[in-house]
There are 2 protein chains.
Amino acid sequence: MRHNLGVMAPSSEEHRWLGALADALGEAWTVDRVEAFADDELEVIAAAPPLRRALSEFPNLRLIQSLWAGVEVILRDPGLRTDIPLARMKDPQMETSMALSVLAHVLAFHLHHDQYRRRQNGSEWSQIYGVSPGERTVTILGLGAMGRAAAVALQDAGFGVAAMVRTPRLDDEIDVFGPDQLDERLADTDVLVNVLPVTEETRDLVDGALLSKLPPGSGFVNVARGVHVVDDDLLAALDSGRLRHAFLDVFRVEPLPEDHRFWTHPRVTITPHMAAPTFPSSGSVFVAEQLERLEQGQPLEHLVDHAAGY
Amino acid sequence: MRHNLGVMAPSSEEHRWLGALADALGEAWTVDRVEAFADDELEVIAAAPPLRRALSEFPNLRLIQSLWAGVEVILRDPGLRTDIPLARMKDPQMETSMALSVLAHVLAFHLHHDQYRRRQNGSEWSQIYGVSPGERTVTILGLGAMGRAAAVALQDAGFGVAAMVRTPRLDDEIDVFGPDQLDERLADTDVLVNVLPVTEETRDLVDGALLSKLPPGSGFVNVARGVHVVDDDLLAALDSGRLRHAFLDVFRVEPLPEDHRFWTHPRVTITPHMAAPTFPSSGSVFVAEQLERLEQGQPLEHLVDHAAGY
């Protein structure tokens, strides 16, 4: 008997996923847009926001597989049933991309490329003598799969790395600390990197109070979500010199509105939510493995804890 | 008996070296600017160009120790005696800096940060879907200590790496090839990185003919010397789209003249000869070890072959 998987994603992404999933899933699964099926025929929906249908409208779902690592939009669906498993995407390629994106931004900051870029605008030739990577501390907020990949890459490049986690446990790789130590750790931070999930506790976390605890001239990298950051407070910190530069991949509203001050701020580098794109070719392999587990009655991977929010 | 070491470097650098060398060399050596000694009192000169005195004016030199890795300016001194050892600087910190600088530029290219920067100037939000690092080939011209450090860092980040060397020998770490294979290798290159020494063979090597062999949309990183590159040909390759972006740290004339077209070209990133600065603190340790070898009559390290030019 064939099973039915419906894809619901923005049109540009949907097209790329339909082909990759059909290739990876083989004969046992029919893969198409959700609209190609009757609502009660669908056993699995593979979804990326914004969602054009409420997930509660599909009565026979056995799994909701997010195509993104972040599931905060799906969790906001008011009719979402907590008895249907919801799984985050896991894509080793996504972790590699995240690690390299964070490394690229931290290296640009470390090597003063942001400052040289501003000097280039004024045809100004002047050297800035810096320090070695071992004299820099990068503080990472969050240490999920992607945060860890970034932390290890930074450590391998010679930077000092510390990561804030909700509940610190002994960690062989990374120096971890809990939220109660954040203030003192911020005071010793050269670059702050946000890789947190979105929860009630982390929303608006990067505000004026937090930024004021960083040493003057620090760097900030946001590759998590825009709602972690209070935009006006970030702009104030850039204008005051508290922050030397911000590398922003995510925003409260995406696409970032044309008139937002981030676009033209000389101390802001913008990338369009591309720090860790899912590659349909490798992401579909995870989905295929997940469906195999579903069929065999084995435990699913990367399940979301509805209460925790990630 | 105390020995005398004279420092001859541009004023901004000289100051940093005098203190670091005095600290590293200890009681046996008097360290000062060359002008503080009579010409015939000096046994060693530690030099960084431009040189304000001809080295031939010092009759009792036993060693000329360059403070830079590149010695092409010192070799142009017409009175330079080939019987006095001339040594290049070796500074592990410099190799680390070079590796990280090249990695930063290649990552920026790989992750399309150059393109996003141009889009940011137009407040344009649009994604570019790329490939994985393993699908990119970085071709390195030259594989000295700094080229190798860069090659290993790129390889560790997942890029495919090949390096051109004058005489290919079996290499356990890096895929090496000789100049006879350059044309075919260029055709398979995503980013070309120049780390060559300056010799008669390498001067003007990066010209229109070489650049025309790269695939359209390639990247170029120059962290060696400006005289390797024919500026007008590089600009033409950028304007035609043969090159997507050039990351330039070195120039035929430094400081880069204010009216040079590189400054304002949207496809050029300029850094002011800072890809691999020597750190006086670590460089002085090498000089101290070198002087110890000189005193003990042991073979000196990093000696320049006057005929080869490096």
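Everything below is about the structure printed above this text.
Since this is a predicted model, take the numbers as computed values, not measurements.

Definitions and cut-offs
Residues numbered from 1 in each chain as written. Chains lettered and ligands numbered in written order. Predicted model: local features only at pLDDT ≥ 70, side-chain atom pairs only at ≥ 80, totals over all residues. Heavy atoms only, no water. 1 Å grid on protein atoms, 1.4 Å probe; cavity = no way out; pocket = protein on both sides within 12 Å on 5 of 7 lines; lining within 4 Å. Points joined across faces, edges and corners; volume = space filled by probe spheres on them. Helix = DSSP H or I, 4+ residues; strand = E, 2+ residues; numbered from the N terminus. Nonpolar A, V, L, I, M, F, W, Y, C, P; charged D, E, K, R; others polar. Salt bridge = Lys/Arg side-chain N within 4 Å of Asp/Glu carboxyl O. Buried < 20%, exposed > 50% of the residue type's maximum accessible area, 1.4 Å probe, protein only. Pairing = 2+ DSSP bridges. Contact = heavy atoms within 4.5 Å. Axes fitted to C-alpha atoms, helices over the stretch in contact; angles between N-to-C directions.

Peer 1: In this structure, what is going on with empty space enclosed by the protein? I would like to understand it.
Peer 2: Summed over all chains, the structure comprises ten cavities of 30 Å³ or more. Its volume calculated, the largest cavity comes out at about 340 Å³. If you go around the largest cavity, you meet 21 residues; those closest to its centre are A108 and H113 of chain A together with A108, H113 and R117 of chain B. When residues of the lining of the largest cavity are traced back to their parent elements, those giving at least two are helix 3 (92–110), helix 4 (113–121) and strand 11 (243–248) of chain A together with helix 3 (92–110), helix 4 (113–121), strand 11 (243–248) and strand 12 (268–270) of chain B. By residue number, the principal contributor to the lining of the largest cavity is helix 4 of chain A, which donates four residues. For the lining of the largest cavity, the per-class residue count stands at eight nonpolar, nine polar and four charged.

Peer 1: I tried to follow the pattern of salt bridges on my own but got confused; where do I start?
Peer 2: Opposite charge on two side chains permits them to pair, given that their charged atoms come into close proximity. Residues and elements named next belong to chain A. Tallied over the entire structure, the rule returns 44 salt bridges over all chains. Measuring nitrogen to oxygen at the nearest pair gives 4.0 Å for the salt bridge that ties E35 to R33. The class of E35 is partly exposed, set by a relative accessible area of 40%. Ionic pairing is found between E301 and R293, a salt bridge with its closest N-O pair at 3.6 Å. A relative accessible area of 12% places R293 in the buried class. The network of salt bridges with common partners includes E14, R33, E35 and R52.

Peer 1: Quick question: what am I supposed to make of the environment of L294 of chain A here?
Peer 2: Looking at where L294 of chain A falls in the secondary structure, it is placed in helix 9 (residues 280–296). We classify L294 of chain A as buried; its relative accessible area is 13%.

Peer 1: Help me out: how do you make sense of the sheet that holds strand 3 (residues 44–47) of chain A in this one?
Peer 2: Residue and element names in this part refer to chain A. Taken together, five strands build an open sheet; the order of strands is 2-1-3-4-5 and the sheet is parallel. Every other strand in the sheet has two partners, leaving strand 2 (29–33) and strand 5 (86–87) as the edge strands with one partner each. Looking at chain direction, strand 1 (residues 3–8) and strand 2 are connected through five bridges and run parallel. Its bridge partner lying in strand 2, G6 is registered against D32. The strands touched by helix 1 (residues 11–25) are strand 1, strand 2 and strand 3; relative to strand 2, the strand with the most contacts, the crossing angle is about 175°. In the packing of helix 9 onto the sheet, the strands contacted are strand 1, strand 2, strand 3, strand 4 (63–66) and strand 5, and the crossing angle to strand 4 comes to about 165°.

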